[in-house]
Amino acid sequence: MAEQIVRKSLYFSEDLWESFEDFRFDNRIKSEAEGLRILLQAGIYLCKLREDPQFVRDEQAAVERLNSQG
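Residues numbered from 1 in each chain as written. Predicted model: local features only at pLDDT ≥ 70, side-chain atom pairs only at ≥ 80, totals over all residues. Heavy atoms only, no water.

(A) Structural detail: the packing of aromatic side chains. For the coordinates displayed, the defined rule picks out two aromatic pairs. Summarising the aromatic geometry, the rings of Phe-12 and Trp-17 are spaced 5.0 Å apart at their centres and angled 40° between planes, so their arrangement reads as tilted. Among the residues examined, Phe-12 registers a relative accessible area of 35% and is labelled partly exposed. Residue Trp-17 is classed as partly exposed on the basis of its relative accessible area, which comes to 23%. Relative to Phe-20, the ring of Trp-17 has its centre 4.7 Å away and its plane inclined at 45°; by these criteria the two rings are tilted. One end of the pair, Trp-17, and the other, Phe-20, are both in helix H1 (residues 14–26), three residues apart, so they sit about a helical turn from each other. When its relative accessible area of 6% is taken as the criterion, Phe-20 is described as buried. Among the aromatic residues, ring-to-ring pairing joins Phe-12, Trp-17 and Phe-20 into one connected group. (Phe/Tyr/Trp six-rings, centres within 6.5 Å; stacked < 30°, edge-to-face > 60°. Buried < 20%, exposed > 50% of the residue type's maximum accessible area, 1.4 Å probe, protein only. Helix = DSSP H or I, 4+ residues; strand = E, 2+ residues; numbered from the N terminus.)

(B) The arrangement of a negative patch on the surface in detail. Together, Glu-14, Asp-15, Glu-18, Asp-22 and Asp-26 make up a negatively charged patch on the protein surface. Residue class for Asp-22 comes out partly exposed when judged on its relative accessible area of 42%. (Patch = residues over 30% accessible without salt bridge, like charges linked within 9 Å, V, L, I, M, F, W, Y side chains within 5 Å. Areas by Shrake-Rupley, 256 points an atom, 1.4 Å probe, with all protein chains shown as cover. Salt bridge = Lys/Arg side-chain N within 4 Å of Asp/Glu carboxyl O. Lys, Arg positive; Asp, Glu negative; His and termini not counted. Charge placed at Lys NZ, Arg CZ, Asp CG, Glu CD.)

(C) Region of the structure containing the pattern of salt bridges. Under the criterion given, the structure shown has three salt bridges. Residue Arg-37 is joined to Glu-34 by a salt bridge in which the shortest nitrogen-to-oxygen separation is 3.0 Å. Here Arg-37 pairs with Glu-34, and both are found in helix H2 (residues 32–49), just three residues apart, close to one helical turn. The class of Glu-34 is partly exposed, set by a relative accessible area of 34%. Glu-59 is the salt-bridge partner of Arg-50, the closest N and O atoms lying 2.6 Å from each other.

This is the structure in structure tokens:
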């Protein structure tokens, strides 16, 4: 059975869309749809990682290292 496709309309601020376009250009992503799918999947993955206590400790340590470097 073929995967069901869901179509959605989204609204973005000009600044956010410009950042997205820069991301697409920098990563040579040809379509807006593919770029949005990549970022959505990455965001979901990051949210799941942040549920892991070890990841949270490692992330906090990395931020502290960056902040101490000035």
